[in-house]
Amino acid sequence: MIQMSGISKAFNGNVVLENVQFELAKGEIHALMGENGAGKSTMMKILSGIYTKDAGEIMVDGETVQFKSPKDAEKLGIVVIHQELNMLPDLTVAQNLFLGKELTYGKTGILKTRQMEKEAIKLLSKLGLTINPRTRTGDLSVGKQQIIEIAKAIASDAKYIVMDEPTAALTDREIETLFKTVNELKAKGISFVYISHRMEEIFAICDRITILRDGQYVGVRNIPETNFDEIVAMMVGRELGERFPERNCKIGETKLEVRNLTVNGLFQDISFKLKKGEVLGVAGLMGSGRTEVAQTIFGYRKLSNGEIFIDGKKINVKSPIDAMKHGIGFVTEDRKTEGLVLDFSIKDNISLANLEKCSSSGIMKKEHENSMVAKYIKDLKIRTSGPEQSAKSLSGGNQQKVVIAKWLGTEPEILILDEPTRGVDIGAKKEIYHIINQLAESGVAILMISSELPEVIGMADRVIVMQEGKLTGEVNKEHMTQEVIMQYATGGEQVV
Amino acid sequence: MSNYKSKELVSKLGPLFGLILLIIIVSILNPSFLSIANIFNVLRQVSISAIIAFGMTFVILTGGIDLSVGSTLALTGAIAASLLSSGMDPFLTIGISLIIGLILGAINGVIITKGKVAPFIATLATMTIYRGLTLVFTDGRPISDLGNHYSFQLFGKGYFLGFPVPVVTMVIAFIVLYFILQKTTFGRRVYAVGGNEEAAKLSGINTDRVKIAVYAITGLLASLAALILTSRLNSAQPTAGQSYELDAIAAVVLGGTSLNGGKGWIIGTLIGALIIGVLNNGMNLIGVSSFWQQVVKGIVILIAVLMDRKKTA
């Protein structure tokens, strides 16, 4: 068992952890929760030897330990599985599993490829995975890669596994498999630290939960004895109220209509209508084609067939530039690769989609730009030291707000939101919901793709569900339950 | 976060300190470095490489590279020389040469964007093609019978308000390009394409057009450099401009612009070009053998890059 007590850590005088404690018992799954910037990852980096603590004590099985490097922690069986998987996509599964710990003939450096492949099969079958060890790792789903990552940890005799947002990119089916694996390992005495923003998952799988806020320890609870509201209150330090704020909205005329939208090989025959002031949810498993439909409406993919109408008029969208001219905005799924220029400042990111507006005859108008940026920083409550702060240094929630601000600047009449709250802490989530509500109330038609069913149900007026490139269902507010949506999303199969 | 800006400033000023240090060392070792005649000499030499490097800065900011600048210089120089020797009006010659440079550059841009060829490969190919065309066009011989056009000779040899015309040209080019990069929407788009092309595209930026434009600008600037060189030498050499692309890339990198694109500034490139110019001139003055000069230049580039790495690490 691991006991961390009185842990403090400061970077350049900036205190990020102060007198924090954490305990991980044998065979326990312990959630670590807190808003972005609460100190979760710093705490785990201290536990895994990446950072050294300024003060405090770490005890493993009753003995005080000092970690000088990740190697020291690894020797005691502490392994971290990061959110961005450490897999080399072009290597085979076996090569990845033994990366850095290859089996060789003595010290020659000549690889025992056969033996490693055999071992790999053994290891993976223990976790219920039958894969040819010669498969290229990049060809596997993220879920399978995640399990390979766990297999790798077990291969190095891990006793304590820290998982950082393990389910962020997984489908529900894959999450199920992952949880089964984790529970089996737990029964064998392996302990897990589980970091996640998804409350439902924590309640489904964890035994205890420790909550941090602003670098301080708030408390620990046994999962069966606590509830959602208590944990949220502990996390934000105040009552948050309704998780999904009320919206007072008059739904108007049809704004956007798509008919028989098809992109060969990705999705077929998608038809739906989106009205002014309406939030239309798009649910479905990952890979069901939701994002691709959005990209097509936005002119980022060429459609093979079908028509798009705005205000009843057929439009022709060949590029994002065309889509923007028709008043469409698109908050993309992955803010780091598609939404932001990370090296740009907040200001430059917000004005990126608004360069025409911030200039005349091609010359930038500083005052225009500055006042627009200042307005959105204030309106969206972007927490920053100033508009010149680099986007890279912002927390996930604030980065997401910058992406939203960029699109609000274009004053869209149709706003597509693809996973608007992924990786965003609970306080910022609620603020984003508020923004969505305000937009809808002002008559913007909103298409919201989301994998978080509670979010879809809480926010959408209507939801359409996709499965493997096809539209399989439409559900009205009254009939929206997770079960109904999942049935459509999985093609009618019962989900357990 | 408060030291974010000051840190950035220090890393940006690094090359300037390097240049000043270099000037001090060279002038101690040979005080004649600081004579007006020599300073003008250095600046005149730098003007050609700096003008090319300015264009290269745009290309590198978008995350690309242009290896064809030296060949573009040779080809447009040869065309200008032959137009002059055939008796064409010098101003018309200058105009035509610049347009041809622009087109040669734009061809690079089109191959890279529409043909989806990596910039390194695309411009490696056009570098060879343009050089070959120069040799075909000149039959491998220099063109030196340019006639006696006072206005064209001014371009490379004249003085304006007491300053050499090439230096004045370089300064004007610098000011215009600085303005474009820092104050216009196009400049912002250049940085955005290099910073995150996907995000730029999804923000409604025509990234292909931006890229074609930067290669066209680079071609235009290479032909401007060609005109200065041709005027100064009063002839066009088919082998002119060889390895100029490497000097230009070196100047950009010395100036602190990232080869990954999205980060950098054109003032740095000017400083980088000056560092290379002072280094060349200084080593000549001190009497370093030309063989050793190459070794020293390479080491200076390495030191600059290594120091930059340390700062960003």
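Taking an unreviewed UniProt entry as the reference, chain B is identified by name as Ribose ABC transporter membrane protein belonging to Ureibacillus chungkukjangi. UniProt annotates chain B under Subcellular location (unreviewed entry) with the comment "Cell membrane".

With an unreviewed UniProt entry as reference, chain A is termed Ribose ABC transporter ATP-binding protein, source organism Ureibacillus chungkukjangi.

## So, the overall build of chain A
Helix and strand counts for chain A stand at 17 helices and 22 strands. Considering only C-alpha atoms, chain A reaches an extent of 70 × 50 × 50 Å along its principal axes. Within chain A, buried positions represent 53% of all 496 residues. Put simply, 66% of the contacts in chain A that link residues at least 6 apart link residues at least 24 apart. Summing over all exposed atoms, chain A offers an accessible surface of approximately 22100 Å²; the carbon and sulfur share of this is 48%. Once the 63 positive and 67 negative side-chain charges of chain A are each reduced to a mean point, those two points are 4 Å apart.

## Thoughts on the pairing of strand β11 (residues 254-263) of chain A
All names here are of chain A. Within β11, seven of the 10 residues are buried, leaving the element largely enclosed by the surrounding structure. Strand direction decides the pairing type here: β11 and strand β12 (residues 267-275), joined by six bridges, are antiparallel. Note on β12: the bridge partner recorded for V263 is F267. The antiparallel hairpin formed by β11 and β12 contains three residues in its connecting segment, where G265 sits at a positive phi of about 85 degrees. Note: β11 against strand β14 (residues 305-310), five bridges, orientation antiparallel. Within β14, the residue paired with V258 across the bridge is I308.

## Describing the nonpolar core
Core analysis: the largest hydrophobic core is formed by 147 residues, its most contacted members being F272, I297, L415, I436 and I446 of chain A together with F54 and F58 of chain B. Sorting elements by how many residues they give to this core places helix α2 (residues 36-61) of chain B first, with 13 residues. Setting aside residues no more than four positions away along its own chain, I446 of chain A makes contact with L274, E278, V279, L280, L415, L417, I436, L439 and A440 of chain A. Counting residues in hydrophobic clusters, the runner-up holds 49 residues, among them A120, F192, I223 and I231 of chain A.

## Focus on the packing of aromatic side chains
Residues and elements named next belong to chain A. Within the structure shown, the criterion is met by eight aromatic pairs over all chains. When the centroid spacing of 5.0 Å and the interplanar angle of 45 degrees are considered together, the rings of F244 and Y433 count as tilted. Pair noted here: F244 is in the loop between α8 (228-236) and β11 and Y433 is in helix α15 (residues 426-441), with a separation of 189 residues, a long-range link. Of the aromatic side chains, those joined through ring pairs into one cluster are F298, F330 and W407.

## Points about the environment of S319 of chain A
Along the chain, S319 of chain A falls in the loop between β15 (313-315) and α10 (320-325). Among all residues touching S319 of chain A, those that are not within four sequence positions of it are F298 and G299 of chain A.

## Overview of the domain arrangement of chain A
Residues and elements named next belong to chain A. By domain assignment, chain A separates into domain 1 (2-239), domain 2 (240-327 + 412-495) and domain 3 (345-410). One C-alpha centre belongs to domain 2, the other to domain 3, and the line joining them spans 25 Å. Facing 13 residues of domain 2, the contacting portion of domain 3 comprises 12 residues. Around 1100 Å² of area is buried between domain 2 and domain 3 when both sides are counted, 74% of it from carbon and sulfur atoms. Three residues, P412, E431 and I435, lead the burial of domain 2 against domain 3; their summed loss comes to 41% of the area buried on that side. At the surface where domain 2 touches domain 3, the tally comes to two salt bridges. Of the charged contacts, one joins K401 and E431 as a salt bridge, the two residues approaching to 2.4 Å between their closest N and O atoms. Top element by residues in the side of domain 2 that touches domain 3 is α15. It accounts for five residues. Looking at the side of domain 2 that touches domain 3, its residues break down into 10 nonpolar, one polar and two charged.

## Quick look at the sheet that holds strand β16 (residues 328-331) of chain A
All names here are of chain A. Pairing is mixed across the open sheet formed by six strands, whose spatial order is β16-β19-β20-β13-β21-β22. The strands lining the two open edges of the sheet, one partner per strand, are β16 and β22 (470-476). The average angle at which neighbouring strand axes cross in this sheet is 20 degrees, direction not considered. The pairing of strand β13 (residues 279-284) with strand β20 (residues 445-449) spans four bridges and is classified as parallel.

## So, the pairing of β22 of chain A
Residues and elements named next belong to chain A. Bridge count for strand β21 (residues 462-467) against β22 is six bridges, and the pairing is antiparallel. Along β22, the bridge assignment pairs R462 with N476. The turn joining β21 and β22, which pair antiparallel and follow one another in sequence, is formed by two residues; a positive phi near 45 degrees is taken by E468.

## Focus on the pattern of salt bridges
Throughout the structure, instances matching the rule amount to 37 salt bridges over all chains. A salt bridge links R189 of chain B to E356 of chain A; its shortest N-O distance comes to 2.9 Å. Within this pair, whereas R189 of chain B is found in helix α8 (residues 185-195), its partner E356 of chain A is found in the loop between α12 (346-351) and β17 (359-360), the two belonging to separate chains. Close ionic contact of K297 of chain B with D247 of chain B constitutes a salt bridge, the shortest N to O distance being 3.6 Å. One end of the pair, K297 of chain B, is in helix α13 (residues 290-312); the other, D247 of chain B, is in helix α11 (residues 244-254), with 50 residues separating them in the sequence. Given the relative accessible area of 21%, K297 of chain B is considered partly exposed. For D247 of chain B, a relative accessible area of 25% gives the class partly exposed. One continuous salt-bridge network, built from bridges that share partners, spans K347, D348, E369 and E388 of chain A together with R188 of chain B.

## Quick word on the interface of chain B and chain A
The interface is formed by 23 residues belonging to chain B together with 35 residues belonging to chain A. When the buried surface of chain B facing chain A is broken down by residue, R188, L202 and S203 of chain B rank first, second and third, together holding 31% of it. R188 of chain B serves as the salt-bridge partner of E369 of chain A, at 2.7 Å between the closest nitrogen and oxygen. The interface formed by chain B and chain A holds 11 residue pairs in polar contact (both at pLDDT 80 or more) in total. Take the side of chain B that touches chain A: its biggest share by element is six residues, from α8 of chain B. In terms of residue class, the side of chain B that touches chain A is made up of nine nonpolar, seven polar and seven charged.

## Re the sheet that holds β12 of chain A
All names here are of chain A. As summarised here, the arrangement of the four strands in space is β12-β11-β14-β15, forming an open sheet in which the pairing is antiparallel. Because the sheet does not close on itself, it has two edges, and the strands there are β12 and β15. Pairwise comparison of adjacent strand axes, ignoring direction, gives a mean angle of 20 degrees for this sheet.

Cut-off values and rules
- Residues numbered from 1 in each chain as written.
- Chains lettered and ligands numbered in written order.
- Predicted model: local features only at pLDDT ≥ 70, side-chain atom pairs only at ≥ 80, totals over all residues.
- Heavy atoms only, no water.
- UniProt positions renumbered as here; feature names shortened; annotations may be inferred.
- Helix = DSSP H or I, 4+ residues; strand = E, 2+ residues; numbered from the N terminus.
- Buried < 20%, exposed > 50% of the residue type's maximum accessible area, 1.4 Å probe, protein only.
- Contact = heavy atoms within 4.5 Å.
- Areas by Shrake-Rupley, 256 points an atom, 1.4 Å probe, with all protein chains shown as cover.
- Lys, Arg positive; Asp, Glu negative; His and termini not counted.
- Charge placed at Lys NZ, Arg CZ, Asp CG, Glu CD.
- Pairing = 2+ DSSP bridges.
- Core = buried A, V, L, I, M, F, W, Y, C linked by side-chain atoms within 4.5 Å.
- Phe/Tyr/Trp six-rings, centres within 6.5 Å; stacked < 30°, edge-to-face > 60°.
- Domains from an automatic or database assignment.
- Buried area = accessible area lost by both parts, 1.4 Å probe.
- Salt bridge = Lys/Arg side-chain N within 4 Å of Asp/Glu carboxyl O.
- Nonpolar A, V, L, I, M, F, W, Y, C, P; charged D, E, K, R; others polar.
- Axes fitted to C-alpha atoms, helices over the stretch in contact; angles between N-to-C directions.
- Polar contact = N/O pair within 3.5 Å; in protein donor to acceptor, adjacent residues only side chain to side chain.

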